[in-house]
Amino acid sequence: MAAGSDVIKFLTQKVVKYLDEPKSVRKERRITKKNEREPLLTYLFGVVPMGLGLAFRRKKKK
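Remember, it's a predicted structure, so these values are computed and weren't measured experimentally.

Reading the values: the criteria
- Residues numbered from 1 in each chain as written.
- Predicted model: local features only at pLDDT ≥ 70, side-chain atom pairs only at ≥ 80, totals over all residues.
- Heavy atoms only, no water.
- Helix = DSSP H or I, 4+ residues; strand = E, 2+ residues; numbered from the N terminus.
- Buried < 20%, exposed > 50% of the residue type's maximum accessible area, 1.4 Å probe, protein only.
- Areas by Shrake-Rupley, 256 points an atom, 1.4 Å probe, with all protein chains shown as cover.
- Lys, Arg positive; Asp, Glu negative; His and termini not counted.
- Charge placed at Lys NZ, Arg CZ, Asp CG, Glu CD.
- Expected span 1.5 Å × (residues − 1).
- Salt bridge = Lys/Arg side-chain N within 4 Å of Asp/Glu carboxyl O.
- Phe/Tyr/Trp six-rings, centres within 6.5 Å; stacked < 30°, edge-to-face > 60°.
- Lys NZ or Arg CZ within 6 Å of the ring centre and 35° of its normal.
- Polar contact = N/O pair within 3.5 Å; in protein donor to acceptor, adjacent residues only side chain to side chain.
- Contact = heavy atoms within 4.5 Å.
- Patch = residues over 30% accessible without salt bridge, like charges linked within 9 Å, V, L, I, M, F, W, Y side chains within 5 Å.

Participant: Teacher, can you tell me more about the overall build of the protein chain here?
Facilitator: The number of helices and strands found in the protein chain is four helices and zero strands. Structurally, the protein chain occupies a C-alpha span of about 65 × 35 × 10 Å along its principal axes. Evaluated residue by residue, the protein chain yields a buried proportion of 5% over its 62 residues. Carbon and sulfur atoms provide 64% of the accessible area of the protein chain, an area that totals close to 6,400 Å². Side-chain charges of the protein chain comprise 17 positive and 6 negative groups, with the mean position of each set lying 14 Å from the other.

Written out as structure tokens, the structure reads:
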């Protein structure tokens, strides 16, 4: 049961640390994390959709 209490202690520390931060810091971290995330199609399917999208965009321009 020591492992279970360690997990609870760890989660409690994380929650308290999160709640002690000012709201502006939490909001800023959330925004930067969202901006750094790669596009959904690339995340799900890799580079193939991105390559197809670039190929079709080139055809439209010409």
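What follows continues from the structure just given.
Participant: I keep staring at helix α2 (residues 23-36) and nothing clicks. Help me out?
Facilitator: Side chains three or four residues apart in an α-helix point the same way, a direct result of the helix having 3.6 residues per turn. Taking 1.5 Å per residue as the helical rise, α2 with its 14 residues ought to reach 20 Å, and the 20 Å between its terminal C-alpha atoms agrees with that figure. A small share of α2 lies buried, amounting to one of its 14 residues.

Participant: What exactly am I supposed to notice about the pattern of salt bridges here?
Facilitator: Pairs can form between side chains of opposite charge once their charged atoms are near each other. With the rule as written, the count across this model stands at one salt bridge. With its nearest N and O atoms 2.6 Å apart, the salt bridge here joins R29 to E21.

Participant: What am I meant to see in the packing of aromatic side chains here?
Facilitator: The geometry of an aromatic ring pair is captured by two quantities: the separation of the ring centres and the angle between the planes. For the structure on display, the rule yields zero aromatic pairs. Positioned above the aromatic ring of Y18, the side-chain terminus of R26 is 5.0 Å from the ring centre.

Participant: Would you mind going over the side chain of R26 with me for this structure?
Facilitator: Summarising the element assignment, R26 is placed in helix α2. E21 provides the closest opposite charge to the buried, unpaired R26, separated from it by 5.3 Å.

Participant: Mind showing me how you'd approach the side chain of E21 here?
Facilitator: Mapped onto the elements of the fold, E21 is located in the loop between α1 (2-20) and α2. In terms of polar contacts, E21 uses its side chain to reach the side chain of R29, at 2.6 Å. In contact with E21, not counting residues within four places along its chain, are R26 and R29.

Participant: Just to check I follow, could you spell out a nonpolar patch on the surface for this structure?
Facilitator: Judged by side-chain polarity, L40, L41, Y43, L44 and F45 come together as a nonpolar surface patch covering roughly 610 Å² of accessible area. Following the sequence through the fold, L40 ends up in helix α3 (residues 40-45).

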